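Chain residues, written in single-letter form:
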Amino acid sequence: MNKNNHSTELMTNSAAQANTIINAKANIATDTAEKTSTKCSDDDIKFMQRAFELAELAEQQNEIPVGAVVVYQGEIIGEGYNQSIMLNDPSAHAEMIAIREAGEHLNNYRLLDCTLYVTLEPCPMCAGLLVHSRIKKLVYGCDDLKTGAAGSVINLIADERFNHQIEMTKVEAQFAKKCSQLLSDFFKRRRKEKKQLKKSFKKTK
């Protein structure tokens, strides 16, 4: 085979691989869109409001303000908010705590027909937990553009390679903005406090 033919074959293979990747991404995006809804019921707003109240509790404890509730047959059976710092436990996210409480309530490690409401898009750890627990539906507040695992960065909850996929609803823009603002204000305050602490430390030297 001459060099020109070899180069042409490499270019053809590369193009085919690129098309495969593009088509795969397109299929994932389509699957995600089919499983995603932005229509919230009155109950969705009610339960999201409770999750927001729990997020505020986290903020009062100087934890990242994220709150979550698990609902079964119209009743809250599990609640949680971020407690990683207080418990020295990197797994103590709002979703993790709420799901553990719900499992105890149902006396079952499978949370069939349950819905998780959380103020921030779940991270990969929590998204994996949702799949393992067989949660039926996820409703969340604002996107997490850095670690979101329900579509923003990766989508673990709708991956057809797993044996369970989860319905998803994003809250309406106004409530999503409220959740996002709580997080923004928290990190803004934390940055300001760290800056002041550094200044104080320099003065004492």
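Up top is the structure.
Reading the values: the criteria
Residues numbered from 1 in each chain as written. Predicted model: local features only at pLDDT ≥ 70, side-chain atom pairs only at ≥ 80, totals over all residues. Heavy atoms only, no water. Helix = DSSP H or I, 4+ residues; strand = E, 2+ residues; numbered from the N terminus. Buried < 20%, exposed > 50% of the residue type's maximum accessible area, 1.4 Å probe, protein only. Contact = heavy atoms within 4.5 Å. Salt bridge = Lys/Arg side-chain N within 4 Å of Asp/Glu carboxyl O. Phe/Tyr/Trp six-rings, centres within 6.5 Å; stacked < 30°, edge-to-face > 60°. Lys NZ or Arg CZ within 6 Å of the ring centre and 35° of its normal. Lys, Arg positive; Asp, Glu negative; His and termini not counted. Axes fitted to C-alpha atoms, helices over the stretch in contact; angles between N-to-C directions. Parallel < 35°, antiparallel > 145°, perpendicular 65-115°, else oblique. Left-handed = near helix turned anticlockwise from the far one by under 90°.

Topic: the overall build of the protein
Then, in step 1: Looking only at helices and strands, the protein has six helices and six strands in total.
Then, in step 2: Ordered by position from the N terminus, the helices and strands of the protein form the series α-β-α-β-β-α-α-β-α-β-β-α.
Then, in step 3: Relative to its 205 residues, the protein shows a buried fraction of 39%.
Then, in step 4: The long-range share in the protein, meaning contacts at least 24 apart out of those at least 6 apart in sequence, stands at 59%.

Observations concerning the environment of Leu130
Then, in step 1: Assignment of secondary structure puts Leu130 in helix 5 (residues 124–133).
Then, in step 2: Apart from residues lying up to four places away in sequence, Leu130 is in contact with Ile99, Leu116, Pro122, Ile135, Leu138, Ile157, His164 and Ile166.

Describing the pattern of salt bridges
Then, in step 1: Using the criterion set out here, one finds seven salt bridges in the structure.
Then, in step 2: Two residues, Arg50 and Glu53, come together in a salt bridge whose shortest N-O distance is 3.1 Å. With Arg50 and Glu53 both in helix 2 (residues 42–60) and three residues apart, the pair spans about one turn of that helix.
Then, in step 3: A relative accessible area of 26% means that Arg50 is categorised as partly exposed.

What about the packing of aromatic side chains?
Then, in step 1: Tallied over the entire structure, the rule returns three aromatic pairs.
Then, in step 2: Relative to Phe175, the ring of Phe52 has its centre 6.1 Å away and its plane inclined at 75 degrees; by these criteria the two rings are edge-to-face. With Phe52 in helix 2 and Phe175 in helix 6 (residues 173–204), the pair connects residues that are 123 residues apart, well separated along the chain. Per residue, the accessibility class of Phe52 equals that of Phe175, and both read buried.
Then, in step 3: Pairing Phe186 with Phe187 gives two aromatic rings, centres 5.2 Å apart and planes at 75 degrees, and the pair type is edge-to-face.
Then, in step 4: Given a relative accessible area of 1%, Phe186 falls into the buried group.
Then, in step 5: When the ring centre of Phe52 is taken as reference, the NZ or CZ atom of Lys178 above it lies at 4.5 Å.

A few points about the side chain of Glu95
Then, in step 1: Relative to the assigned elements, Glu95 resides in helix 4 (residues 94–106).
Then, in step 2: For the buried Glu95, no salt bridge exists, and the shortest N-O distance to an oppositely charged side chain is 11 Å, to Arg100.

Let's talk about the packing of helix 4 against helix 5
Then, in step 1: In contact at an axis separation of 9 Å, helix 4 and helix 5 are set at 20 degrees when each is read in the N-to-C sense. When the interaxial angle is binned, helix 4 and helix 5 end up roughly parallel. As for the relative orientation of helix 4 and helix 5, their crossing is left-handed in sense. Mapping the contact onto sequence places Glu95, Met96 and Ile99 in helix 4 and Met125, Cys126, Leu129, Leu130 and Ser133 in helix 5.

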